[in-house]
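Here is what each chain is made of, one letter per residue.
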Amino acid sequence: MSRILVTGGTGYIGSHTTVELMQKGFDVTIVDNLSNSSIDVLDGIAAIAGRKPDFANIDCCNFMDLDGVFRQYPDIVGVIHFAASKAVNESVEKPLLYYRNNLGSLVTLLEVMKLHRVPNIVFSSSCTVYGQPDEAHLPVDETAPIQTALSPYGNTKQINEEIIRDEAHADKSLNATILRYFNPIGAHPSACIGELLNGVPQNLLPFVTQTAAGLRPELKVFGNDYNTPDGSCIRDYIYVVDLAKAHVKAIDRMLNVEDRDQVEVFNLGTGNGISVFTLINEFEAATGVKLPYTVVGRREGDIEQVWANPKKANEVLGWKADTPLRDVLASAWKWEKKLRKL
Ligand code: NAD
Ligand code: WQD
């Protein structure tokens, strides 16, 4: 059986992807420095998949350590690279940390992959590379222009994509799949794994579930005067389990389809634009919990509206994000209740 190296595999999206890979019969080795995750996640994965993945507590920026992992597991056939720092605000305050970690980890990984002749990488990119697409590019497909990044974090994703393209140009044996995620939400239906947060959540869904759980007095809706049907911002919220499944499809394609471009890019979203108010209403309908909120001013740097055209991923990967939003929101609530022992 083939082995996949999952960097950042104890993190939010990495843990869900590890489960899907294992359930499809792949062996998985996770490398993670636990800078934003816990070793206990391995137990959560085992509770679902029936066994623990192999694990190495190492930093992907460390060449020797990463080289050691590839030596230990000569059956690695592909890598899914999640490991990165991802807090947009923090990246504005500590840009060097973000450039060092997010660029250094990818460069080191590509060097070690080359040394060990492992040709396949799936890379976690983001819809942030599109910024605010103009009306003609909504919903946004993969041909929409990349815009100047709004944060050092966003810039690392753009530069990472360029690094991959440049290296693929130089080394024709390298195959890459760049996945641009929209807004991942929810947790595994078992509630054995989910998103673990440090401090006050920056993203909408964790703030919603923590408010519903009574940890926060109310949700602040950032603006109701946008040029959208109900005045609040619009995003494409994608279920993390659907997202995880797309990674298995991407790996399968790299391992089994010869007639593919050397570097392929896919938008991973549902194709549905959901406003903040709609999300609140759907959360209440899905859970029966009333969510206290007030409208406050706009958040600086917010994108007004962006959602995906996922046609390419639907057709080429044979993948679709089709879990109903209410089920997704119920999974997020189930996870929050488990965390808070409610
Ligand atoms: P996460 O923080 O939960 O997971 C990332 C994992 O990488 C963590 O477990 C962390 O400990 C680990 N890590 C970080 N730097 C490392 C290093 N140098 N060496 C080893 N391990 C390291 O984040 P996530 O939400 O699962 O995101 C995974 C990837 O998807 C990231 O690249 C992120 O930028 C990207 N992404 C996330 C979102 C989102 O909204 N969650 C959206 C688009 C793209
Ligand atoms: C969603 C909507 C807010 C919190 C961020 C990153 C981006 C990406 C995904 C990684 C917006 C509103 C939020 C709150 C609110 N990830 N909101 N009250 O803005 O799409 O993007 O996460 O690559 O790079 O910037 O997601 O969850 O922060 O916000 O009203 O307390 O919810 O204004 O409209 P966003 P988000």
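For the structure itself, look to the data block above.
Before going into details, it helps to say that this report is about the structure given with it.

Here is what the cut-offs are and how they apply
- Residues numbered from 1 in each chain as written.
- Chains lettered and ligands numbered in written order.
- Predicted model: local features only at pLDDT ≥ 70, side-chain atom pairs only at ≥ 80, totals over all residues.
- Heavy atoms only, no water.
- Disulfide = S-S within 2.5 Å.
- Buried < 20%, exposed > 50% of the residue type's maximum accessible area, 1.4 Å probe, protein only.
- Near = heavy atom within 4 Å.
- Polar contact = N/O pair within 3.5 Å; in protein donor to acceptor, adjacent residues only side chain to side chain.
- Areas by Shrake-Rupley, 256 points an atom, 1.4 Å probe, with all protein chains shown as cover.
- Core = buried A, V, L, I, M, F, W, Y, C linked by side-chain atoms within 4.5 Å.
- Helix = DSSP H or I, 4+ residues; strand = E, 2+ residues; numbered from the N terminus.
- Contact = heavy atoms within 4.5 Å.

**Notes on the state of the cysteines**
- The final tally for this structure, using the stated rule, is 0 disulfides.
- The thiol of Cys-60 is unpaired, and the distance to the nearest cysteine sulfur, on Cys-61, comes to 7.0 Å.
- Since its relative accessible area comes to 4%, Cys-60 is described here as buried.
- The exposure class assigned to Cys-61 is partly exposed, which follows from its relative accessible area of 29%.

**Considering the site of ligand 1**
- The environment of ligand 1 is formed by 27 residues, the closest being Asp-32, Asn-36, Ser-37, Asn-101 and Tyr-153.
- Contact between ligand 1 and Asn-33: a nitrogen atom at 3.1 Å from a main-chain N or O atom of the residue.
- Side-chain polar atom of Ser-37 to an oxygen atom of ligand 1: 2.7 Å apart, as the coordinates give it.
- When ligand 1 is considered free in solution it has 820 Å² of accessible area, and contact with the protein chains removes 95% of it.

**Quick look at the nonpolar core**
- The biggest cluster of nonpolar side chains holds 59 residues, and the ones touching the most others in it are Leu-21, Ile-45, Leu-268 and Trp-319.
- At 8 residues, the largest contribution of residues to this core is made by helix H8 (residues 240–256).
- The residues contacting Leu-21, other than those within four sequence positions of it, are Ile-4, Val-6, Phe-26, Val-28, Ile-80 and Val-248.
- Judged by nonpolar contacts, the second largest core, of 27 residues, contains Val-112, Met-113, Ile-121 and Ile-178.

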